[in-house]
Amino acid sequence: MKQSFGGTQRRQIKRACRARVWDRLGRCIGIQVLYAVPYVLLTLMLCAALFGRVFVLLAAGVTDVYSLARAASAGLNSVWVILLLMLLLSGPLQYGLMKFYLGLYRGEDPSVSTLFQAFTSLRALWLGIRMAFCLFFRALLWLVGPTVLFTIALLSVTVQTVMTRQPMPEGVMIVLAVLYALAVLLISVNLLRYQAGWVVVLDDPDRSAWDATAQGSRVFRGRYGSLLLFVLSFVWWYLVLSVCTQLCLMLGDTGLELMGGGLGIAVYAAAAVAALCLSLVLGGFVNAYYMTSFIGMYETLSAPPAMGQEDTTQF
């Protein structure tokens, strides 16, 4: 018999997790900042690999399209190395981040240094890498079907347009893009259940990544509606985060246009710093709140139901 999970339990879990995150807000912000630093550096390296040679040629006054294209293509050789490095780093970092959130949910006192715990043990490092590749592969399996269908539909519309020499039907293209985006969104919610595999391997490091993600996902079988409601309950938090940062940047743009010169640049820089600080503070809180609540949902559903308890899942 399935464990029951309704709106009341979801609100109770979120309330308890919000209190735990608030009590450790500084650590939640700190670990989120540290987690983002390697990706920022790798993203800068990726941009340098892709466009570095092009910028050098443009700075030297070269405007020949063929030369610029050759410089851009030469940078592609380094892109795959950086992307692979991102994937290899994501596993150990995610291992430490999930260990921090799991300890936070269970009432422990995890430190920010937990983020780098996987790098202190070859076993944990390898486990993090295997989990990253497993989750990446599962995502590919789910996304390949809609992506192929979208590509075929897009090519069909394009070929039909070329053959009939008619203008590109913008309405059809928009409908296809919206349908594909909706499919990706719904699949992303479904893929969230595999993240519960982190809880399984953190409790039992001897489990394989594939078995752990399979076991974690089985807990949510038949509960897609509950999982979707859980994700939707956090949408407004991320909207608040986005609106606050965008407002700061808009104020900076307005100040730059109205004042101009050094004062305008100073106003824009202050607004950008404010947006960064808000995104770090709110982002650290929201991400910790979201993940600890998800862990709470998983542990509630995976717990044996009480005797005589019926499944009252609310969709």
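For the structure, check the block above.
Residues numbered from 1 in each chain as written. Predicted model: local features only at pLDDT ≥ 70, side-chain atom pairs only at ≥ 80, totals over all residues. Heavy atoms only, no water.

Enquirer: For the pattern of salt bridges, give the residues involved together with the corresponding values.
Expert: For the coordinates displayed, the defined rule picks out 5 salt bridges. Across the pair Arg24 and Asp109 runs a salt bridge whose closest N-O atoms are separated by 2.9 Å. Of this pair, Arg24 sits in the loop between α1 (7–23) and α2 (25–59) while Asp109 sits in the loop between α3 (65–105) and α4 (122–164); the two residues are 85 residues apart in sequence, bridging distant segments of the chain. Taking relative accessible area as the criterion, Arg24 reaches 28% and is therefore assigned partly exposed. A residue is classified by how much of its surface remains accessible, and Asp109, at 48% relative accessible area, is partly exposed. (Salt bridge = Lys/Arg side-chain N within 4 Å of Asp/Glu carboxyl O. Helix = DSSP H or I, 4+ residues; strand = E, 2+ residues; numbered from the N terminus. Buried < 20%, exposed > 50% of the residue type's maximum accessible area, 1.4 Å probe, protein only.)

Enquirer: I'd like to hear about a nonpolar patch on the surface, residue by residue, with values.
Expert: Together, Phe136, Phe137, Leu140, Leu141, Trp142 and Trp210 make up a nonpolar patch on the protein surface, roughly 600 Å² of accessible area in all. Among the elements that make up the nonpolar patch, the one with the highest residue count is α4 (5 residues). Summarising the element assignment, Trp142 is placed in helix α4. Given the relative accessible area of 36%, Trp142 is considered partly exposed. (Patch = residues over 30% accessible without salt bridge, like charges linked within 9 Å, V, L, I, M, F, W, Y side chains within 5 Å. Areas by Shrake-Rupley, 256 points an atom, 1.4 Å probe, with all protein chains shown as cover.)

Enquirer: Account for the layout of surface pockets, with residues named and values stated.
Expert: In this structure, the largest pocket occupies an estimated 490 Å³ of space. Taken together, 20 residues form the lining of the largest pocket, with Leu135, Ser188, Leu191, Leu192 and Gln195 sitting closest to its centre. Elements supplying a minimum of two residues to the lining of the largest pocket: α2, α3, α4, α5 (170–191) and α10 (261–302). Broken down by element, the lining of the largest pocket gets its largest block of residues, 5 residues, from α4. (1 Å grid on protein atoms, 1.4 Å probe; cavity = no way out; pocket = protein on both sides within 12 Å on 5 of 7 lines; lining within 4 Å. Points joined across faces, edges and corners; volume = space filled by probe spheres on them.)

Enquirer: Help me get a handle on the nonpolar core, residues and values and all.
Expert: In this structure, Tyr101, Phe220 and Phe294 are the most contacted members of the largest nonpolar core, which totals 56 residues. Ranked by the residues each element gives to this core, the list is headed by α10, at 11 residues. Setting aside residues up to four positions removed in sequence, Phe294 forms contacts with Leu192, Arg193, Gln195, Ala196, Phe220, Leu227 and Phe230. If you look at the next biggest cluster of nonpolar residues, it comprises 6 residues, including Leu46, Ala49, Val79 and Met86. (Core = buried A, V, L, I, M, F, W, Y, C linked by side-chain atoms within 4.5 Å. Contact = heavy atoms within 4.5 Å.)

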